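Residue-level structural notes
The lines below spell out each chain.
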Amino acid sequence: MDKKTFYITTPIYYPSGKLHIGHSYTTVAADAMARYKRLQGYDVMFLTGTDEHGQKIQRVAEEDGVTPKEYVDKIVDGIKKLWNLMKITNDKFIRTTDQEHVETVQKIFKALYDKGDIYKSEYEGLYCTPCESFWTETQLVDGKCPDCGRAVEKTREESYFFRLSKYQDRLIKLFEEDTEFVQPSSRRNEMLNNFLRPGLEDLCVSRTSFNWGVPVTFDEKHVVYVWIDALSNYITALGYLSDNDENFKKFWPADVHLVGKEIVRFHTIIWPAMLMALDLPLPKQVFGHGWLVLEGGKMSKSKGNVVDPVVLIEKYGLDAIRYFLLREVPFGADGVFSNEALITRINSDLANDLGNLVSRTTAMINKYFGGVIPETREKGEFDLELRSVLASTKTRTEEYLDKLQFSAALAEIWKSVSRTNKYIDETMPWALAKNEENKARLAEIMYNLAESIRIISILIQPFMPETPHKIWAQLAVAEEDRTWESAGQWGAYKQVSPVTSGEIIFPRIDLEKEMEALAEIEAKAKETAGAKTTKPALEKEEQTQGVALIGIEDFTRVELKVAKVLSCEKVEKSDKLLKLKLQCGTEERQVVSGIAQYYTPEEMIGKVLILAANLKPAKIRGIESQGMILAASDDESGKLVLVTVDGDIPTGSRVS
Ligand code: MSP
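What counts, and at which threshold
Residues numbered from 1 in each chain as written. Predicted model: local features only at pLDDT ≥ 70, side-chain atom pairs only at ≥ 80, totals over all residues. Heavy atoms only, no water. Helix = DSSP H or I, 4+ residues; strand = E, 2+ residues; numbered from the N terminus. Buried < 20%, exposed > 50% of the residue type's maximum accessible area, 1.4 Å probe, protein only. Contact = heavy atoms within 4.5 Å. Areas by Shrake-Rupley, 256 points an atom, 1.4 Å probe, with all protein chains shown as cover. Lys, Arg positive; Asp, Glu negative; His and termini not counted. Charge placed at Lys NZ, Arg CZ, Asp CG, Glu CD. Pairing = 2+ DSSP bridges. Near = heavy atom within 4 Å. Polar contact = N/O pair within 3.5 Å; in protein donor to acceptor, adjacent residues only side chain to side chain. Nonpolar A, V, L, I, M, F, W, Y, C, P; charged D, E, K, R; others polar. Right-handed = clockwise from strand over helix to strand, strands pointing away. Axes fitted to C-alpha atoms, helices over the stretch in contact; angles between N-to-C directions. Parallel < 35°, antiparallel > 145°, perpendicular 65-115°, else oblique. Salt bridge = Lys/Arg side-chain N within 4 Å of Asp/Glu carboxyl O. Expected span 1.5 Å × (residues − 1). Patch = residues over 30% accessible without salt bridge, like charges linked within 9 Å, V, L, I, M, F, W, Y side chains within 5 Å. Phe/Tyr/Trp six-rings, centres within 6.5 Å; stacked < 30°, edge-to-face > 60°.

**A closer look at the overall build of the protein**
Regarding its fold elements, the protein presents 21 helices and 26 strands. The principal-axis extents of the C-alpha atoms in the protein amount to approximately 95 × 80 × 45 Å. Going through the 656 residues of the protein one by one, you find that 51% of them count as buried. Considering only intrachain contacts with a sequence separation of at least 6, the fraction spanning at least 24 residues in the protein is 74%. Of the roughly 30500 Å² that the protein leaves accessible, carbon and sulfur atoms contribute 50%. Seen as two clouds, the 84 positive and the 99 negative side-chain charges of the protein have centres 2 Å apart.

This is the structure in structure tokens:
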């Protein structure tokens with residue numbers, strides 16, 4: 001009988017810069033799933049790749065003085081190296097600049113045109129270049145791109161359109177009938193209520209204002225809209241409409257497309273509509289995971305080495321990083337990435353729980369039996385309970401993995417780690433070892449420990465590519481006792497050679513020292529990043545009357561919010577400072593401000609002001625100030641006037 005197949009994809013990455021640890025989140029998750037399915041005996045196709053066309057890439061390449069292809073080649077190389085380093089087991093890496101992909105996208109575009117689902121018209125609208133997205137006036141948030149908050153550009157040009165509106169009813173039906181199609185369900189509701197039910201407009205699917213894209217074969221001044229080009233990768237990679245479509249026949253429809261939450265819309269509305277138009281089956285599921293953010297903001301290259309996966313792997317090891325990514329946050333929810341949380345997890349779950357269990361066990365087998373567990377053994381108290389927990393861990397882990405609940409699956413495995421550690425405390429082998437009569441009982445305890453670790457080592461394979469091998473080498477686990485199946489069978493462990501007490505698999509990290517070292521790395525990275533970026537910015541035409549211009553992304557980094565003064569008093573022994581209590585949404589903030597010469601505390605109460613809300617807290621005269629209120633200053637007299645809000649609006653509202 002043919003093996004069952006499993007097809008999983010990650011989004012294809014923009015090669016517009018170095019990838020940070022957040023990017024590797026989707027790929028590590030997809031890799032864990034692919035490994036798991038292979039272990040279960042599936043014939044797996046795991047696809048990842050790069051999304052290389054579009055205006056954004058063309059622009060950055062121009063700025064770099066190279067052709068777009070030269071630009072992407074270098075970055076794609078780095079991305080492939082990163083996936084190698086992270087032991088990502090993708091079966092195929094697609095680049096949208098691959099000739100076969102380009103040709104198939106052209107065929108898809110033509111097929112849709114011939115069918116009447118793509119037609120020519122004129123486009124007038126708003127385009128967000130960084131997101132490569134078109135928006136209607138009503139979709140904008142405060143006049144800006146609803147996805148990234150940056151400015152949009154008015155565009156007018158002759159364009160081809162895809163009849164997305166035609167598929168609205170079928171899409172709504174799909175969402176209503178197949179509740180598994182979009183997961184988690186919160187994202188399904190968001191798509192239904194915010195996009196599908198309000199109504200879909202036809203989508204502009206070609207551009208003429210730049211040429212870095214797939215040319216439309218029957219109208220060469222047009223290039224295909226990047227999202228049509230990019231989404232098609234999931235079938236072009238399988239050979240759809242090519243001479244060799246064996247993989248397409250074998251693997252399509254995909255079992256799951258893993259994507260970050262901000263691109264769920266493209267994958268659950270535009271992509272299925274394209275497939276409907278092509279009369280192809282739909283993917284079984286699109287899973288929209290949450291974002292990993294850094295404490296205090298979005299992840300970006302400017303945060304330096306602390307988010308560089310290469311640096312993190314070098315410091316803490318690949319398995320620790322992969323474990324943390326999938327354990328820390330439930331897949332689907334947003335989570336905070338911090339080095340402190342990472343180190344804390346490594347120390348508790350990996351060094352203390354699993355690492356200790358392995359080193360204690362191998363050390364005891366060596367000490368009491370010279371590395372070989374005797375065949376004469378005696379069962380005793382606590383054995384049955386340990387056995388029942390361990391033998392059933394596989395089933396429970398699988399239940400979670402089948403739902404892409406990586407964190408819950410790991411928690412389940414770690415319950416077994418804890419149970420086994422507890423078994424050592426319960427049976428107290430060190431006490432038994434004092435008396436020769438207890439030898440058979442001691443042997444059984446050692447066997448049970450080794451067997452529990454064998455089961456655990458098999459179950460962690462999808463997440464950790466290196467640790468299981470280290471454990472098998474130390475415990476001398478036979479090849480045939482490492483199969484996924486055998487993790488559900490208690491008693492399979494047999495030693496093929498003496499147990500060795502090898503390297504510590506997860507050394508403990510000194511949290512305090514490490515945090516200091518990291519702060520230094522970060523400061524250095526900031527210095528060099530600053531030196532690199534500020535100089536050319538000032539050399540360019542970006543100076544207006546001596547004022548350096550900044551991009552909207554710099555401006556939006558400052559979080560400005562409406563706040564109301566609840567109480568106010570003078571700061572002791574200072575004639576300049578006032579201490580204010582502010583209401584800002586549901587939060588209360590304390591702010592120290594140098595306005596005492598221009599406002600009395602009584603005057604301040606009730607004023608509605610603008611607060612720079614994401615400034616790092618600072619101590620002023622020993623008093624913590626959590627943000628800054630905005631005031632205009634007259635350069636000549638030094639006079640300060642507060643910036644207040646014109647009109648009734650709740651506190652906490654964003655100012656932009
Ligand atoms: N090129 C498009 C996808 C086209 S798929 C047909 C794209 N590329 S991307 O490089 O911007 O993002 C790739 C993936 O990385 C997305 O799933 C995105 O959500 C994910 N992440 C990028 N930063 C992230 C975090 N900080 N945290 C978690 N995932 C994040 O979108």
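**Focus on the sheet that holds strand β6 (residues 153-162)**
An order of β5-β4-β6-β8 is seen for the four strands of this open sheet, with the pairing classed as antiparallel. Of all the strands in the sheet, just β5 (133-135) and β8 (203-204) have a single pairing partner and so form its edges.

**Brief notes about the site of the ligand**
Taken together, 24 residues lie near the ligand, and I12, D51, G260, E262 and L292 sit nearest. Contact distances for the ligand include 3.2 Å between a nitrogen atom and a backbone N or O atom of G22. A distance of 2.9 Å separates an oxygen atom of the ligand from a polar backbone atom of G260. Tallied by class, residues from the shell around the ligand come to 13 nonpolar, nine polar and two charged.

**Thoughts on the pairing of strand β1 (residues 5-13)**
Counting buried positions along β1 yields eight of nine residues, so the element is predominantly enclosed. When β1 meets strand β2 (residues 43-50), the two strands line up parallel, connected through seven bridges. Opposite Y7, over in β2, you have M45 as the bridge partner. For the handedness criterion, the β-α-β arrangement of β1, helix α1 (residues 23-39) and β2 is classed as right-handed. Note: β1 against strand β11 (residues 256-260), two bridges, orientation parallel.

**Notes on the packing of α1 against helix α12 (residues 318-328)**
At a minimum axis separation of 10 Å, α1 and α12 run at an interaxial angle of 95°. Classified by the interaxial angle, the pair formed by α1 and α12 is roughly perpendicular. Across the interface between the two elements, S24, Y25, V28, A29, D31, A32 and R35 from α1 touch R322, L325 and L326 from α12. Taken together, the residues of the contact of α1 with α12 break down into six nonpolar, one polar and three charged.

**Side note on unusual backbone geometry**
Backbone torsion omega between Q183 and P184 reads -10°, so that peptide bond is classified as cis. Inspection of the secondary structure puts P184 in the loop between β7 (182-183) and α6 (185-196). Looking along the chain, the bond that leaves W252 and enters P253 is cis, with omega of 5°. Among the structural elements, P253 can be located in the loop between α9 (246-251) and β11. With a phi close to 60°, L404 is a non-glycine residue in the positive phi region. According to the relative accessible area criterion, L404 is buried, its value standing at 3%. The phi torsion at M428 lies on the positive side, around 45°, for a residue other than glycine. In this fold, M428 is placed in the loop between α15 (406-427) and α16 (429-432).

**Quick notes on the pattern of salt bridges**
Considering all chains together, one arrives at 46 salt bridges under this definition. Salt-bridge contacts for D117 lead to K115; the nearest nitrogen and oxygen are separated by 3.7 Å. The structure contains a network of salt bridges with shared partners spanning E52, K69, D73 and R95.

**Quick look at α1**
The terminal C-alpha atoms of α1 lie 25 Å apart, and with 17 residues this matches the ideal 24 Å at 1.5 Å per residue to within 8%. Burial of α1 is extensive: 14 of the 17 residues sit out of reach of the surface. Trailing α1 by a residue or two, G41 shows a phi angle of about 100°, which is positive.

**A closer look at a negative patch on the surface**
Where like charges cluster on the molecular surface, the negative patch consists of D510, E512, E516 and E520. Here E520 is to be found in helix α19 (residues 511-539).

**Some remarks on the side chain of D319**
One can find D319 in helix α12. Although D319 lies buried, it forms no salt bridge, and the closest oppositely charged side chain, R322, sits 5.4 Å away as judged by the N-O distance. For D319, the residues in contact, after removing those within four places along its chain, are M464, P465, E466, T467, P468 and F506.

**Considering the packing of aromatic side chains**
Taken as a whole, this structure holds 25 aromatic pairs when the rule is applied. Measuring from centroid to centroid gives 6.0 Å for F109 and Y160, while their planes differ by 80°, and the two rings are edge-to-face. Here Y160 lies in strand β6 and F109 lies in helix α4 (residues 99-115), a separation of 51 residues in the sequence. Residue classification places F109 among the buried residues on the basis of a relative accessible area of 2%.

**Structural notes on the side chain of R327**
Its location among the elements puts R327 in helix α12. Of the side chains with opposite charge, D349 comes closest to the buried, unpaired R327, at an N-O distance of 4.3 Å. Aside from chain neighbours lying at most four places away, what touches R327 is R345, D349, S407, L410 and A411.

**Let's talk about the sheet that holds β7**
If you trace the six strands from one edge of the open sheet to the other, you get β3-β2-β1-β11-β12-β7, paired in parallel fashion. Either end of the sheet is taken by a strand with one partner, and the two such strands are β3 (92-95) and β7. In the sheet, β7 pairs with strand β12 (residues 286-289) via two bridges, with the strands oriented parallel. Looking across to β12, one finds that V182 is bridged to V286. Docked against the sheet, helix α3 (residues 68-85) engages β1, β2 and β3, running at close to 160° with respect to β3.

**Thoughts on the environment of T26**
Position of T26 relative to the elements: it lies in helix α1. With a relative accessible area of 6%, T26 lands in the buried category. Put simply, T26 and Y42 are 16 residues apart on the chain and 21 Å apart in space, counted from C-alpha to C-alpha. If near-sequence neighbours (up to four positions away) are discounted, T26 is found in contact with T10, P11, Y13, L258, V259 and H289. There is a polar contact of 2.9 Å between the side chain of T26 and the side chain of H289.

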